[in-house]
Amino acid sequence: MIKKILTAIAATALAAASVAQVRPGIEVLANRNFEALKGKRVGLITNPTGVDHNLRSTIDILHEAPEVNLVALFAPEHGVRGDQHAGLKVSDSRDKATGVKVYSLYGANRRPSAAMLSDIDVMVYDIQDNGCRSYTFISTLGLCMDACAKAGKEFLVLDRPNPVGGKVEGLITEDDCKSFVSQFPIPYLYGLTPGELALYLNGEGLLESGKTVNLKVIPMEGWHRSMDYSATGLPWVLPSPHIPTAETSLYYPASGILGELDYMSIGVGYTMPFRLFAAPWITDAAGLSARLNALNLPGVKFRPIHFTPFYSMGQGKPSAGVECYITDREAATLTLIQFYVAQETAEMYPAHKMLEGRAASRLNMFDKVTGSKKIRTLFGKRHRVEDIETLWMGGCDAFKSKSAPYKLYKDHDTNQK
């Protein structure tokens, strides 16, 4: 019995030791006694994901630090405390916990005005992202960097992990599809942390004005690019309502583009956001699953599923389809999964092709999210992945090379034998 107990204790200790204690930028900053902010008036862009290991908000950490003079907060989508619903405008207000003025960056303004910046010396950014170009926080990051460049203000990024690691997928945004969901000429999955992306945008002259900002990044400690988020030891705070777990960040790029078309359910509004492909008109879930598995897509498996989604306005219709399982993050081409689903459903249900019969507003958003009108044109001809794959993935290697000088972290744990 004693031997079993000791074995169990040893196993528990080994499991605990295997979870790294990655220190995010805010903790590194605090350990350095906030040296980078001393004597400066500080503005902070953050949301509920800006926390330390103990779930203390960066807002409260900076407000309570004697060395820091926090004078303004800047709210992206969902607000600094996460109390604003997705897509709804955020209003200027005052933070109830600290009394600090809150300026909206998701309402009449998507960037801070000169007046908003007049009372600060340095803008700090601390938001956990999901590594996808269409997620609007990086648009806020770049637009705020540009505003600070024009106003002569410093910019400081407190870095956090990219939960998708170093994956780079998708074409570079083309000029005629630039929008708040594709603000910069980067791939759909860009494989950089927020700090590295800031360095890239600044170094490559990609801020809207063409100026560069006085930029500093406080890197994490203990993180490498191939690290699964669960191995970081960091708590996951959902960055938006439908990204409840770090794992969901892997599924967001696998289904989110298709989800813009209101073509089928991707699990949003159900218990498995971004993991499903289902619709009332799919009558053979097992057949669809078999067809998708027969493609032998690397790192991906499917199973049939039947469920009834629930939406905010009431009960949805009984639906069938497939649940997606990403079994190997490195091997899977995440962003093409949804196009393979659309390819196979077009074969099985020709009256329900993804790009036929969609509203113009939906097609316009599809173009903005993909970053090119060419994807819709090419895929819409035959609904075959082979028609878009070269275009979709063609610029990834060049981007990897171009972004390499801005990387702050190793791709793998070099201490492993």
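See the structure above.
As a convention, each chain's residues are numbered from 1 in the sequence order in which they are written. With pLDDT at 70 or above as the cut-off, local features in this predicted model cover only qualifying residues; side-chain atom pairs require 80 or more to be listed or tallied, and sums for whole chains, interfaces and linings still use all residues. With hydrogens and water set aside, each side-chain value is computed from the structure's full complement of heavy atoms.

Q: Teacher, can you tell me more about the pattern of salt bridges here?
A: For side chains of opposite charge, pairing can occur when their charged atoms come near one another. Salt bridges are defined by distance alone: a side-chain nitrogen of Lys or Arg within 4 Å of a carboxyl oxygen of Asp or Glu. Throughout the structure, instances matching the rule amount to 28 salt bridges. Put simply, K40 and E154 hold a salt bridge, and the shortest N to O gap is 2.9 Å. Taken together, the residues K40 in the loop between α2 (25-31) and β1 (41-46) and E154 in strand β6 (residues 154-158) connect sequence positions 114 residues apart. Between buried and exposed lies partly exposed: a residue is buried under 20% and exposed over 50% of the maximum accessible area for its type, with that area taken using a 1.4 Å probe on protein chains only. In this structure K40 comes out as partly exposed when scored by relative accessible area, which is 23%. Since its relative accessible area comes to 25%, E154 is described here as partly exposed. For R160, the salt bridge goes to D126, with nearest N and O atoms at 2.6 Å. Only DSSP runs of H or I reaching four residues or more are called helices, and only runs of E reaching two or more are called strands; each is numbered from the N terminus.

Q: For this particular structure, what's the right way to read the side chain of D95?
A: With respect to the helices and strands, the residue D95 is situated in the loop between β3 (93-94) and β4 (101-104). In this structure D95 comes out as buried when scored by relative accessible area, which is 7%. Here a polar contact is recorded for every N or O atom pair within 3.5 Å, except that within protein the pair must consist of a potential hydrogen donor and a potential acceptor, and residues adjacent in sequence are included only if both atoms are side-chain atoms. A polar side-chain atom of D95 sits 2.9 Å from a polar atom in the side chain of R81. Setting aside chain neighbours within four positions, we find D95 in contact with I59, L73, R81, V100 and V102. Here a residue-residue contact requires only that any non-hydrogen atoms of the pair lie within 4.5 Å.

Q: In this structure, what is going on with empty space enclosed by the protein? I would like to understand it.
A: Take a probe with the size of a water molecule and roll it over the atoms, and the empty space left behind shows itself. Here a cavity denotes grid points, spaced 1 Å and computed from the protein atoms alone, that fit a 1.4 Å probe unable to get out, and a pocket denotes an open set having protein on both sides within 12 Å along at least 5 of 7 lines; residues with an atom within 4 Å of a point are the lining. Grid points are joined across faces, edges and corners, and a volume is the space filled by probe spheres set on the points. This structure, assessed with the given rule, holds one cavity of 30 Å³ or more. In this structure, the largest cavity spans a volume of roughly 30 Å³. If you go around the largest cavity, the residues you meet are T49, Q128, R160, Y229, P235, W236 and V237. The residue inventory of the lining of the largest cavity, partitioned by class, reads four nonpolar, two polar and one charged. Residues are grouped as follows: nonpolar covers Ala, Val, Leu, Ile, Met, Phe, Trp, Tyr, Cys and Pro; charged covers Asp, Glu, Lys and Arg; every other residue, Gly included, is treated as polar.

Q: Is there a simple way to think about the packing of aromatic side chains in this case?
A: Pairs of aromatic rings are described using the distance from one ring centre to the other and the angle between the two planes. Only Phe, Tyr and Trp rings take part, Trp by its six-membered ring, and two of them pair if their centres are within 6.5 Å. Stacked means planes under 30 degrees apart, edge-to-face means over 60, and tilted covers everything else. Applying the stated criterion to the full structure yields 16 aromatic pairs. When the ring of F339 is compared with that of F379, the centres are 5.3 Å apart and the planes differ by 75°; the resulting orientation is edge-to-face. Highlighted residues: F339 in helix α9 (residues 337-348) and F379 in helix α11 (residues 373-382), separated in sequence by 40 residues. What makes F379 buried here is its relative accessible area of 0%. Following the ring pairs from residue to residue traces out a cluster consisting of Y188, F339, F366, F379 and W392. The rule is short: NZ of Lys or CZ of Arg within 6 Å of the ring centre and within 35 degrees of the ring normal puts a charge over the ring. Over the ring of Y325 we find R275; its NZ or CZ atom is 5.4 Å from the centre of that ring.

Q: For this particular structure, what's the right way to read the packing of helix α5 (residues 137-151) against helix α6 (residues 194-203)?
A: The description of two packed helices rests on the angle between their axes and on the distance between the axes. The geometry of α5 relative to α6 is characterised by a closest axis approach of 11 Å and an angle of 45° between their N-to-C directions. Between α5 and α6, the angle is such that the two are oblique. The hand of the α5/α6 crossing is right-handed. For the pair formed by α5 and α6, the contact residues are I138, L141, G142 and M145 on the first element and P194, L197, A198, L201 and N202 on the second. The class makeup of the residues in the contact of α5 with α6 is seven nonpolar, two polar and no charged. For helices, the axis comes from a line fit to the C-alpha atoms of the stretch in contact; other axes are also lines fit to C-alpha atoms, and the angle between any two N-to-C directions lies between 0 and 180 degrees. Reported orientations rely on four angle classes, namely roughly parallel under 35 degrees, roughly antiparallel over 145, roughly perpendicular from 65 to 115, and oblique for the rest. Crossing handedness: left-handed means the near helix sits turned counterclockwise from the far one by under a right angle, and right-handed means the same turn made clockwise.

Q: For this particular structure, what's the right way to read helix α10 (residues 360-370)?
A: Helical geometry: 3.6 residues make up each α-helical turn, so side chains three or four residues apart lie on a common side. When we look at burial in α10, the residues that qualify are L363, F366, D367, V369 and T370. Projected down its long axis, α10 carries its buried residues within an arc of 170°, all on one side. Exposed positions of α10 whose direction lies more than 90 degrees from the buried face are A360 and S361. Among the structural elements, α7 (248-259), α9, α11 and α12 (389-393) are those in contact with the buried residues of α10. Directly after α10, the chain includes G371, whose backbone phi takes a positive value near 85°. In this description, the arc belongs to the directions extending from the helix axis to the C-beta atoms.

Q: What is the right way to look at the sheet that holds strand β11 (residues 300-307) in this model?
A: The strands that make up a sheet pair up through hydrogen bonds in the backbone, lying either parallel or antiparallel. Whether two strands pair depends on DSSP finding at least two bridges between them. Taken together, the three strands give an open sheet; going across it, the order is β10-β14-β11, and neighbouring strands pair in antiparallel fashion. Strands at the two margins of the open sheet, each flanked by one partner only, are β10 (276-279) and β11. When the angles between neighbouring strand axes are averaged without regard to direction, this sheet yields 20°. Pairing of β10 with strand β14 (residues 319-326), which is carried by four bridges, proceeds in the antiparallel orientation.

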